Amino acid sequence: MHRKVLRRKRAARSKSKKVPWYRRERSTLLKLLFWLAVLSGLLALSWWWGQTARSRQLASQSPLRPQPSSLPAVLPMPPMPPAASPRQIPLPAVAQTAEKLRRDLHAALAAWAGVTFPEETPPPEEQHPGRQELIRVYADFPSRAWIKGLRRRLQKETPDVRLRIQHAPRALEVTSSQAGMSFLVFFLPPASPFGKNLAGKPLAAVIMDDMGHSREVAQTVMELPLPVTLAIIPDEEHAEWTARLARQRGREILVHVPMQPLGKANPGARALRTDISDQENLARLRWHLQRVPGAVGVNNHMGSRFTADGRRMALVLAELRRHGLFFVDSRTSGSSVGYRTARNLGVASTGRDVFLDNERQVGKILGQIDALLAKAGKQGSAVAICHPYPETLAALRQAAPRFRARGVELVPVRLLLDK
Ligand SMILES: [Zn+2]
């Protein structure tokens with residue numbers, strides 16, 4: 001009761017003084033007004049700053065300006081060629097995938113065959129999508145378990161990779177559309193013992209042409225102290241027998257395919273010719289190939305006319321590629337396009353460097369053998385072609401010490417491809 005009375009008395013007193021509230025609170029009001037002014041000033045300043053920044057940005061995007069500066073952030077200008085068309089842009093990614101796939105495949109195959117692959121990236125003009133690359137591995141065909149492991153390994157980097165075993169000719173096909181290409185891997189019988197321990201030595205191969213006409217001659221060639229490669233003419237009576245003997249002795253075999261020469265010499269009834277149809281030439285070639293079992297490559301018998309015909313040679317070489325065979329251009333004329341065409345088609349190939357027996361005299365032939373060894377020393381490797389003439393066989397019987405003296409290793413020609 002007492003408190004209520006006191007409150008009323010205080011209220012009555014304050015009303016009686018009649019001072020307005022804004023007078024009493026004047027200093028507080030002034031302070032408030034000052035801070036409001038400061039705040040609004042700051043707001044106005046920041047609004048103005050924002051406006052000018054936006055207008056600068058708008059001006060920079062105007063089409064009247066030379067070029068927007070927002071592009072470089074997305075496409076760094078220096079590495080971009082000025083006229084890059086949109087079609088060219090996806091290719092490097094495909095090429096990179098192809099490169100990765102090739103590297104992985106090479107590494108796996110190298111481990112399988114116990115060898116190292118040379119680093120061979122095809123030149124840019126050969127890197128077109130959908131191409132097929134051939135790989136030859138001199139080892140036994142791998143087991144299914146190994147192929148499964150290879151698939152897993154390749155799929156880590158290239159998930160869409162597919163592996164397939166191709167029959168006749170037997171090969172392992174590795175395909176990837178991400179990489180835009182496929183690989184065809186041929187597994188060929190391991191090289192003869194002569195192909196071992198070659199580190200750093202110059203290499204030479206000697207091809208004995210025109211084999212298959214005589215079993216006696218074939219046996220004589222087997223007795224030579226040098227492991228020569230046999231090039232067997234499929235049309236000859238003892239072609240198959242000679243091929244079997246060579247296989248037993250671990251000698252390398254080529255199919256010596258007769259081709260039409262420029263002159264009057266007779267290349268044989270089934271020779272490939274420029275005056276018959278492509279179909280007939282292909283039928284003849286297939287007949288030749290199946291007549292010499294165990295061959296790993298082909299070289300031409302005669303052929304100074306046929307090997308100068310680029311279109312027909314391409315037909316022949318594409319068929320060799322299908323069979324996983326390599327090509328040795330005998331270079332029976334200077335105008336042969338065989339080696340060049342083979343390279344363009346991706347067929348493993350090499351060419352003859354020296355003919356040993358154009359002159360049938362033992363002394364001259366030994367001189368040519370020295371020329372072969374000199375060339376091997378200079379180039380790292382060289383390929384010779386000779387014939388089973390008695391003079392040539394006599395010269396080769398004496399030649400082994402010359403190879404040793406020059407430190408040149410005689411090897412199968414398949415180790416000297418694409419030199
Ligand atoms: Zn020949």
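Residues numbered from 1 in each chain as written. Predicted model: local features only at pLDDT ≥ 70, side-chain atom pairs only at ≥ 80, totals over all residues.

Enquirer: How should I be thinking about the overall build of the protein chain in this particular structure?
Expert: Each helix and strand counted, the protein chain has 12 helices and 13 strands in total. When contacts within the protein chain are restricted to residue pairs at least 6 apart in sequence, those whose partners lie at least 24 apart make up 71%. (Helix = DSSP H or I, 4+ residues; strand = E, 2+ residues; numbered from the N terminus. Contact = placed C-beta atoms within 7 Å.)

Enquirer: What exactly am I supposed to notice about the confidence of the model for the protein chain here?
Expert: Low pLDDT means the predicted coordinates in that region are not meant to be read closely. Scored by pLDDT, the protein chain has a mean of 82; 78% of the residues are at 70 or more. Across residues 58-89, confidence stays below pLDDT 50; counting only partners more than four residues off in sequence or on other chains, it has 6 contacts. Note on residues 191-197: pLDDT is under 50 here. Beyond four places in sequence and across chains, it has 15 contacts. (pLDDT = per-residue confidence, 0-100.)

Enquirer: What am I meant to see in unusual backbone geometry here?
Expert: Leaving glycine out, the prevailing phi sign among residues is negative, and the prevailing peptide bond configuration is trans. One non-glycine residue, methionine 302, lies in the positive phi region at around 60°. One non-glycine residue, arginine 331, adopts positive backbone phi at about 50°. Among the structural elements, arginine 331 can be located in the loop between strand E9 (326-329) and helix H10 (338-345).

Enquirer: So what exactly am I meant to see when it comes to the pairing of strand E8 (residues 297-302) here?
Expert: Put simply, side chains in a regular strand alternate between the two faces of the sheet. Across the 6 residues that make up E8, a large majority, 6, are buried. Both strand E7 (residues 253-259) and E8 contribute to a ladder of 6 bridges, which runs parallel. In the strand pairing of E8, histidine 256 is matched with asparagine 299. Regarding the hand of the β-α-β motif, the stretch spanning E7, helix H8 (residues 278-291) and E8 is right-handed. For the crossover that starts at E8, traverses helix H9 (residues 310-322) and ends in the parallel E9, the hand is right-handed. (Buried ≥ 20, exposed ≤ 12 C-beta atoms within 10 Å, placed from the backbone. Pairing = 2+ DSSP bridges. Right-handed = clockwise from strand over helix to strand, strands pointing away.)

Enquirer: Please explain the nonpolar core as it appears in this structure.
Expert: Soluble, globular proteins show a tendency: their nonpolar side chains are buried together. In terms of nonpolar packing, the biggest core is built from 66 residues, with Ala204, Ile207, Ile232 and Ala384 touching the most fellow members. No other element matches strand E5 (residues 203-211), which puts 7 residues into this core. (Core = buried A, V, L, I, M, F, W, Y, C linked by C-beta atoms within 7 Å.)

Enquirer: Could you clarify how one ought to interpret the environment of serine 335 in this entry?
Expert: As for its position among the elements, serine 335 is in the loop between E9 and H10. On a C-alpha basis, the gap between serine 335 and alanine 308 in space is 5.5 Å, while along the polypeptide they are 27 residues apart.

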